[in-house]
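For reference, the chains in residue letters:
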Amino acid sequence: MDEFTDIAIVDLDVNRTTWSRVHSSMRSLYLKLNRDPNPEWTRLFFEERNSRVEIKRHGLWIEEGYIVFDCLLIDVDDYHLPDIRQSIDYANARSRVLVEARHAEVERLRDEAQSEAHMLGALRASIRAPVAKPVPVAETAKAVEPVTMAAETEAVPGAEVPMPLDAQVEPLHVEREAVLEAKRNDWRARFRAAFHRNR
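As the structure is a prediction and not an experimental result, all values here were calculated from the model.

Cut-offs applied
Residues numbered from 1 in each chain as written. Predicted model: local features only at pLDDT ≥ 70, side-chain atom pairs only at ≥ 80, totals over all residues. Heavy atoms only, no water. Salt bridge = Lys/Arg side-chain N within 4 Å of Asp/Glu carboxyl O. Helix = DSSP H or I, 4+ residues; strand = E, 2+ residues; numbered from the N terminus. Patch = residues over 30% accessible without salt bridge, like charges linked within 9 Å, V, L, I, M, F, W, Y side chains within 5 Å. Areas by Shrake-Rupley, 256 points an atom, 1.4 Å probe, with all protein chains shown as cover. Buried < 20%, exposed > 50% of the residue type's maximum accessible area, 1.4 Å probe, protein only. Polar contact = N/O pair within 3.5 Å; in protein donor to acceptor, adjacent residues only side chain to side chain.

Focus on the pattern of salt bridges
Inference 1: For the structure shown, the criterion picks out 16 salt bridges.
Inference 2: Note that R16 and D13 form a salt bridge whose closest N and O atoms lie 3.5 Å from each other.
Inference 3: Taking the shortest distance from any N to any O, the salt bridge between E107 and R110 comes out at 2.6 Å. Of this pair, E107 and R110 both sit in helix α2 (residues 76–128), three residues apart, which is roughly one turn of that helix.
Inference 4: Overlapping salt bridges, with partners in common, bring together E48, R49, R52, E54, R57 and D83 in one network.

Considering a nonpolar patch on the surface
Inference 1: Together, L120, L123 and I127 make up an exposed nonpolar region whose accessible area comes to about 320 Å².
Inference 2: Along the polypeptide, L120 turns up in helix α2.
Inference 3: Overall, L120 belongs to the partly exposed group, its relative accessible area being 49%.

Structural notes on the side chain of N185
Inference 1: Along the polypeptide, N185 turns up in helix α4 (residues 171–198).
Inference 2: Note on N185: relative accessible area 7%, which makes it buried.
Inference 3: Within the local environment of N185, its side chain forms a polar contact with the side chain of R188, the two groups lying 2.8 Å apart.

Worth remembering: the numbers are spatial, not functional.
Take a look at the structure:
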């Protein structure tokens, strides 16, 4: 994107000077600009000009790279040129700001597009990457061998063998289970002895 170039008055085109339609004592002067302003610059020029009131103004327009205005020749240096240059300075300053803002917006959009392209590339790579095959549950169960505990049942005839305990059971829990199982076996033995005596 091109940088903004200030617009400036570079010459007075004497050959284009004509009689003004406002009054016979006035002239229409053609101030040549260094380049033809675009519509945005022209809008800003008149925006500033219309914000102020100058009693010496009679008419002004822009055409083909010229600022044309009606005036008395004796008023040009003291009134018209300072008035016109003030509007030119404003239009130049505002145009520079707008061009810089457009440049910044273009850069921001370019950065966003690059960031999105990188994200899409990374997402595509992760989708294309081979996925590890999941291990079946049955094979996982085989890999963990259960730990069993053999209970002492010789003292009590007919005692039931305690159920195997999982390998991950805490030692304290295992010890409590063993104590409870011994008590169960003791009560069974007493019940059987009493049953045989009463028969």
